Amino acid sequence: DAMVIQNPRYQVTQFGKPVTLSCSQTLNHNVMYWYQQKSSQAPKLLFHYYDKDFNNEADTPDNFQSRRPNTSFCFLDIRSPGLGDAAMYLCATAWGQNQPQHFGDGTRLSIL
Amino acid sequence: AQTVTQSQPEMSVQEAETVTLSCTYDTSESDYYLFWYKQPPSRQMILVIRQEAYKQQNATENRFSVNFQKAAKSFSLKISDSQLGDAAMYFCAYKGQGAQKLVFGQGTRLTINP
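Here is what the cut-offs are and how they apply
- Residues numbered from 1 in each chain as written.
- Chains lettered and ligands numbered in written order.
- Predicted model: local features only at pLDDT ≥ 70, side-chain atom pairs only at ≥ 80, totals over all residues.
- Heavy atoms only, no water.
- Helix = DSSP H or I, 4+ residues; strand = E, 2+ residues; numbered from the N terminus.
- Rg over C-alpha atoms; globule rule 2.2 N^0.38 Å.
- Buried < 20%, exposed > 50% of the residue type's maximum accessible area, 1.4 Å probe, protein only.
- Contact = heavy atoms within 4.5 Å.
- Areas by Shrake-Rupley, 256 points an atom, 1.4 Å probe, with all protein chains shown as cover.
- Lys, Arg positive; Asp, Glu negative; His and termini not counted.
- Charge placed at Lys NZ, Arg CZ, Asp CG, Glu CD.
- Pairing = 2+ DSSP bridges.
- Axes fitted to C-alpha atoms, helices over the stretch in contact; angles between N-to-C directions.
- Disulfide = S-S within 2.5 Å.
- Salt bridge = Lys/Arg side-chain N within 4 Å of Asp/Glu carboxyl O.
- Buried area = accessible area lost by both parts, 1.4 Å probe.

1. Details of the overall build of chain B
Inference 1: Across its full length, chain B holds 0 helices and 12 strands.
Inference 2: For chain B, whose C-alpha radius of gyration is 14 Å, the value lies close to the compact-globule estimate of 13 Å for 114 residues.
Inference 3: Taking the principal axes of the C-alpha coordinates as reference, chain B spans close to 40 × 30 × 20 Å.
Inference 4: Looking at chain B as a whole, 47% of its 114 residues qualify as buried.

2. Re the overall build of chain A
Inference 1: The helix and strand inventory of chain A stands at 0 helices and 11 strands.
Inference 2: Helices and strands in chain A line up, N terminus first, as β-β-β-β-β-β-β-β-β-β-β.
Inference 3: Computed over C-alpha atoms, the radius of gyration of chain A comes to 13 Å, within 12% of the 13 Å expected from 2.2 N^0.38 for 112 residues, which places it in the range of a compact globule.
Inference 4: In chain A, which comprises 112 residues, the share counted as buried stands at 52%.
Inference 5: Long-range pairs, those at least 24 residues apart, make up 55% of the contacts in chain A with a sequence separation of at least 6.
Inference 6: Element-wise, carbon and sulfur atoms account for 49% of the exposed surface of chain A, whose accessible area totals about 5,400 Å².
Inference 7: Positive and negative side-chain charges in chain A, numbering 9 and 9 respectively, have mean positions lying 6 Å apart.

3. Notes on the sheet that holds strand S8 (residues 73-78) of chain A
Residue and element names in this part refer to chain A.
Inference 1: The strand order across the open sheet formed by 4 strands is S1-S3-S8-S7, and the pairing between neighbours is antiparallel. The outermost strands of the open sheet, each flanked by one partner alone, are strand S1 (4-7) and strand S7 (64-67). Between one strand axis and the next, the sheet turns by 20 degrees as a mean value, whatever way the strands run.
Inference 2: Both strand S3 (residues 19-25) and S8 contribute to a ladder of 6 bridges, which runs antiparallel. The residue bridging Leu-21 from the neighbouring strand is Leu-76, located in S8.

4. Focus on the state of the cysteines
Inference 1: Tallying each qualifying case throughout the model produces 2 disulfides over all chains.
Inference 2: Shown here is the disulfide that connects Cys23(B) with Cys92(B), its sulfur atoms set 2.0 Å apart. As the torsion about the S-S bond is roughly -70 degrees, the Cys23(B)-Cys92(B) disulfide counts as left-handed. Of this pair, Cys23(B) sits in the loop between strand S3 (19-21) and strand S4 (24-26) while Cys92(B) sits in strand S10 (residues 88-96), and the two are 69 residues apart along the sequence.
Inference 3: A residue is classified by how much of its surface remains accessible, and Cys23(B), at 1% relative accessible area, is buried.
Inference 4: For Cys92(B), a relative accessible area of 0% corresponds to the buried category.
Inference 5: Cys74(A) carries a free sulfur, and the closest cysteine sulfur to it, the one in Cys91(A), is 6.1 Å from it.

5. Describing the pattern of salt bridges
Inference 1: Within this structure, the stated rule accounts for 8 salt bridges over all chains.
Inference 2: Between Arg67(A) and Asp77(A) there is a salt bridge whose closest N-O contact spans 2.7 Å. Taken together, the positions of Arg67(A) in strand S7 and Asp77(A) in strand S8 put the pair 10 residues apart, joining distant regions of the chain.
Inference 3: Notably, a salt bridge pairs Asp26(B) with Lys73(B), separated by 3.8 Å at the nearest N-O pair. Remark: Lys73(B) occurs in the loop between strand S8 (64-69) and strand S9 (74-79) and Asp26(B) occurs in strand S4; sequence separation between them is 47 residues.

6. Some thoughts on the interface of chain A and chain B
Inference 1: Across the boundary between the two partners, chain A contributes 23 residues, which contact 22 residues of chain B.
Inference 2: Across the interface of chain A and chain B, roughly 1,800 Å² is buried in total on both sides, 47% from carbon and sulfur atoms.
Inference 3: Counting the surface chain A buries against chain B, the share from its top three residues, Gln97(A), Asn98(A) and Phe103(A), is 29%.
Inference 4: Run the count over chain A and chain B and you get 1 salt bridge.

7. Some details on the environment of Ser80(A)
Residues and elements named next belong to chain A.
Inference 1: Here Ser-80 is to be found in the loop between S8 and strand S9 (87-94).
Inference 2: On the basis of relative accessible area, Ser-80 is assigned to the partly exposed category, the value being 39%.
Inference 3: With sequence-adjacent residues up to four places away left out, Ser-80 is seen in contact with Gly-16, Asn-63 and Asp-85.

What follows is the structure, given as structure tokens:
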């Protein structure tokens with residue numbers, strides 16, 4: 001049973017056209033994370049929510065925004081995607097600070 | 001800032017044999033957590049094993065075990081009786097006590113030869 005669900009699995013958008021990726025979870029975890037992973041690289045944390053508190057990484061571009069309307073859902077908005085934003089985007093959840101993170105299958109984003 | 005280094009970009013092993021993946025890290029903290037994650041091609045990243053730094057005993061999960069050397073800041077993963085399904089990218093990760101952020105190594109791509 002999928003516990004961290006990312007939709008869609010594959011997303012294609014045009015250069016500069018806003019795109020939203022979604023993540024939902026059935027684990028009732030209070031922490032949700034968004035990572036960017038480029039080919040053959042380690043995941044790079046973009047931001048995370050601890051409950052409703054939003055925490056942005058210092059080097060996350062302003063182009064990337066996030067919303068968490070409730071415990072179960074979290075969205076990644078890319079306002080004006082550039083070619084360099086093509087990547088796998090991973091959502092992860094955790095219960096509190098010291099528990100392992102559970103990852104979704106990821107959304108592979110392509111930019112035309 | 002903490003860093004995690006995986007010095008082996010690629011490893012290969014014969015099916016049924018044992019392989020060890022290396023990981024070293026740098027930190028000034030005394031309490032932290034270390035993880036190995038497995039990411040098969042086009043599939044979900046899953047937790048393989050977890051080690052709390054305050055525990056001296058090495059963590060073990062079935063065929064997977066770690067050699068945690070706190071003083072040396074080393075955290076290697078041993079996979080015994082390798083199976084074809086073990087083929088994946090393996091990431092070593094560090095998390096400080098009370099921190100939210102996982103710091104990942106660059107990954108080691110493991111190939112299992114039949």
